[in-house]
Amino acid sequence: MASFKVAASLLAISALSTTHGFTSQAPSTRPVSRLHATDEAFQRSLLEAQFANDAAPTTTTTATAVNGDKEPHVASAASAPIDNTSILNSILRIAASTNRGQHAKPSQKDQVSQLITDLESNAPKIESALESSTGTWELLFSNTQLFRSSPFFLAGRSTCKTPEQAQQYNWFCEMHRGALAISTIGVVRQIITNEGQLVNEFEVKVGAVPFLSDFLPLKYSGGLPFTIDGSIVSTADATPISSNEWELFMDTVEIKGSNIPFLRSVLDSGNVQLKSRGLSQVLEENVDSYEVPKPVLRTTFIDEGMRIVRDEDDNIFVYGRVSDSEEPTDYSGVMADFGVASLLEGFNDAIT
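Residues numbered from 1 in each chain as written. Predicted model: local features only at pLDDT ≥ 70, side-chain atom pairs only at ≥ 80, totals over all residues. Heavy atoms only, no water.

### Some thoughts on the packing of helix α3 (residues 84-97) against helix α4 (residues 106-121)
Counted only if it meets this: To get an axis, a line is fitted to the C-alpha atoms, and for a helix only the part in contact is used. The angle between two axes follows their N-to-C directions and goes from 0 to 180 degrees. Put simply, DSSP H or I for four residues or longer makes a helix, DSSP E for two residues or longer makes a strand, and each gets a number counted from the N terminus. Note on terminology: angles under 35 degrees are roughly parallel, angles over 145 are roughly antiparallel, angles of 65 to 115 are roughly perpendicular, and the others are oblique. The hand of a helix crossing depends on one turn: near helix anticlockwise from the far one by less than a right angle means left-handed, and clockwise means right-handed. Between two residues, a contact is recorded if the distance between any of their heavy atoms is within 4.5 Å. Residue polarity follows a fixed list, in which Ala, Val, Leu, Ile, Met, Phe, Trp, Tyr, Cys and Pro are nonpolar, Asp, Glu, Lys and Arg are charged, and the others, Gly among them, are polar.
Between α3 and α4, the least distance of the axes is 10 Å, while the angle of their chain directions is 155°. Here α3 is positioned roughly antiparallel relative to α4, judged by the angle of their axes. Considering only the axes of α3 and α4, their crossing is left-handed. Note on element contacts: α4 touches α3 through Gln 108, Gln 111, Val 112, Leu 115, Ile 116, Asp 118 and Leu 119, opposite Asn 84, Ile 87, Leu 88, Ser 90, Ile 91, Ile 94 and Ser 97. Each residue belonging to the contact of α3 with α4 can be placed in one class, and the counts come to eight nonpolar, five polar and one charged.

### Regarding the layout of surface pockets
The line we're drawing: The rule is simple: put a 1 Å grid over the protein atoms alone, call a set of points where a 1.4 Å probe fits but cannot get out a cavity, call an open set with protein on both sides within 12 Å along at least five of seven lines a pocket, and count a residue as lining if it has an atom within 4 Å of a point. Grid points are joined across faces, edges and corners, and a volume is the space filled by probe spheres set on the points.
When its volume is computed, the second largest pocket comes out at roughly 550 Å³. Lining of the second largest pocket is provided by 27 residues; of these, Leu 180, Phe 202, Val 204, Ile 232 and Ile 255 occupy positions nearest its centre. At the level of secondary structure, the elements contributing two or more residues to the lining of the second largest pocket comprise α6 (151-158), α7 (163-179), β4 (183-192), β5 (197-209), β6 (224-240), β7 (245-256) and α8 (263-268). Of the residues forming the lining of the second largest pocket, the biggest block, six residues, is contributed by β6. Its residues placed into classes, the lining of the second largest pocket shows 16 nonpolar, eight polar and three charged.

### Structural notes on a nonpolar patch on the surface
What counts here: Like-charged residues are merged into a patch within 9 Å and nonpolar side chains (Val, Leu, Ile, Met, Phe, Trp, Tyr) within 5 Å, provided each residue has over 30% relative accessible area and no salt bridge. Accessible surface is estimated by sampling points in the Shrake-Rupley manner with a 1.4 Å probe; for residues, cover comes only from the protein chains shown. Here, a salt bridge means any Lys or Arg side-chain nitrogen found within 4 Å of an Asp or Glu carboxyl oxygen. For every residue, the accessible area obtained with a 1.4 Å probe (protein chains only) is divided by the maximum for its type, and the residue is called buried under 20%, exposed over 50%, and partly exposed between those limits.
On the surface, a cluster of nonpolar side chains totalling about 370 Å² of accessible area is made up of Phe 152, Leu 274, Leu 279, Leu 283 and Val 287. In this fold, Leu 274 is placed in strand β8 (residues 274-275). In this structure Leu 274 comes out as partly exposed when scored by relative accessible area, which is 36%.

### Topic: the environment of Glu 312
Structurally, Glu 312 is set in the loop between β10 (306-310) and β11 (316-323). Residues Glu 312 and Val 296 lie 16 residues apart in sequence; the distance between their C-alpha atoms is 6.5 Å. Once you skip the residues sitting within four places of it in the chain, Glu 312 turns out to touch Arg 157, Ser 158 and Val 296.

### Some thoughts on the side chain of Asp 337
Rule in force here: When charges are counted, Lys and Arg contribute as positive and Asp and Glu as negative, whereas His and the chain ends are disregarded.
Within the secondary structure, Asp 337 sits in the loop between β11 and α10 (340-351). It is Arg 264 that comes nearest to the buried, bridge-free Asp 337 among opposite-charge side chains, at 7.9 Å. When sequence neighbours within four positions are dropped, the list of residues in contact with Asp 337 reads Asn 259 and Pro 261.

### Remarks on the confidence of the model for the protein
For clarity, the cut-off: Per-residue confidence from the predictor is reported as pLDDT, a score between 0 and 100.
In the predicted model, the protein carries a mean pLDDT of 79, and 72% of its residues have values of at least 70. Here residues 1-39 is modelled with pLDDT under 50, and outside its nearest four sequence neighbours on either side it reaches 86 contacts, counting other chains as well. Counted against residues more than four places away or in other chains, residues 70-79, with its pLDDT under 50, gives 24 contacts.

### What about unusual backbone geometry?
With a phi angle near 65°, Arg 100 is a residue other than glycine that sits in the positive phi range. By the element assignment, Arg 100 lies in the loop between α3 and α4. In this structure, Asp 314 is a non-glycine residue whose phi angle is positive, near 65°. With respect to the helices, strands and loops of the structure, Asp 314 is situated in the loop between β10 and β11.

### Description of the side chain of Ser 234
Within the fold, Ser 234 resides in strand β6. Residue classification places Ser 234 among the buried positions, given a relative accessible area of 2%. Here Ser 234 is in contact with Ser 150, Pro 151, Phe 152, Leu 198, Val 199, Asn 200, Met 250, Thr 252 and Val 253, once residues within four sequence places are set aside.

### Brief notes about the nonpolar core
We count it as follows: In this text, buried Ala, Val, Leu, Ile, Met, Phe, Trp, Tyr and Cys residues form a nonpolar core when linked through side-chain atoms within 4.5 Å.
With 27 residues, the main nonpolar core has Trp 246 and Leu 248 as its most contacted residues. Ignoring any residue separated from it by four or fewer positions in sequence, one finds Leu 248 in contact with Pro 151, Leu 154, Leu 198, Ala 236, Asp 237, Ala 238, Pro 293, Lys 294, Pro 295 and Leu 297. Counting residues in each nonpolar core, the second largest holds 17 residues, with Leu 115, Leu 140, Phe 141 and Met 306 among its members.

### Some points on the packing of aromatic side chains
As a reminder of what qualifies: When the centres of two rings from Phe, Tyr and Trp lie within 6.5 Å, Trp using its six-membered ring, the rings pair. Their planes under 30 degrees apart give stacked, over 60 give edge-to-face, and anything left gives tilted.
One pass over the full model with this rule turns up three aromatic pairs. Taking 4.6 Å as the distance between ring centres and 50° as the angle between the ring planes, the aromatic pair formed by Phe 147 and Phe 153 counts as tilted. On the basis of relative accessibility, which here comes to 13%, the residue Phe 153 falls in the buried class. Taking the centre distance of 6.1 Å and the plane angle of 35° together, the rings of Tyr 169 and Phe 172 count as tilted. Of this pair, Tyr 169 and Phe 172 are both found in helix α7, three residues apart, which corresponds to roughly one turn of the helix.

### What to know about the pattern of salt bridges
A side chain of one charge can pair with a side chain of the opposite charge if their charged atoms are brought near each other. Following the criterion strictly, the structure yields 14 salt bridges and no others. Arg 298 is paired through a salt bridge with Asp 314; the nearest N and O atoms lie 2.9 Å apart. Placement of the pair is Arg 298 in strand β9 (residues 296-302) and Asp 314 in the loop between β10 and β11, with a sequence separation of 16 residues. A cluster of three or more residues bridged by salt bridges with shared partners is formed by Arg 148, Arg 157, Glu 312 and Asp 313.

### Points about the environment of Ile 260
Within the secondary structure, Ile 260 sits in the loop between β7 and α8. It is 7.8 Å that separates the C-alpha atoms of Ile 260 and Asp 229, two residues lying 31 residues apart in sequence.

Right under this line is the structure:
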């Protein structure tokens, strides 16, 4: 079984170049899974597999490397059993090197898709996806835009009734991410409860004063280290419709943990929540052709440390377990000061 500890260590590579949001979570209380605990153990298993392959007749094929290039490798003529551990480690290596798939080449996305297909073909039957999924998870990889893991965007896709409309929605999502290119996506988190509530937290950060020299007679390189932070939190009810499928009923969308002065108090009041169910009811009563969107998510693999989910377009979302906590993140401790206090604290620590 794949542990989130392995996932976190691999994703730390991408974290060096990407500023993440608020990641404080309770530690996992689940037992450590029997993945390779060290690189030495993993390398030893690869050597053992290589020795086994050397003993069998071989043929030369080509494989796709992590960077998407083609490289030759030797494959056994005999059909070897699928090694879930090796597959999961391969997925996590690509996730780490491409910032959760955001910078992945098409060939890398294809490689992960094939790895996941192999993993799914060897996965045990899922008895109850909801019962197995309760707790807190973070998104490790996706072959589409990360925000499409949100119930809000899943519901938006569910309103499309034709392939043409679905294609238009895909184009809209690409343009939406392009328009927000100056923002940095932090942690994308899901909290799933025993009562069947799904909370999606999408943390973002953007420079607050990127080009001050364009407006003031100040000359400097780059921007100032002030940022606008916040988390887009969407909630939905998840109703099981089979052992591995959920139907989502979108509820609310709100901004939490904003560090913008004055606006923070307005956002925390709850008066600016998007209450989608009320809007759906109005549309349902006044538009004959309107149907309440209820997207379906399908869990195709799950163990104690990892969960793989597909949407109606077969887009892939790979999650790693953070903890068993079913409590959403508490953002009340985030100060509404554009990050000035933490900047001054860091400055003081650096010079004293």
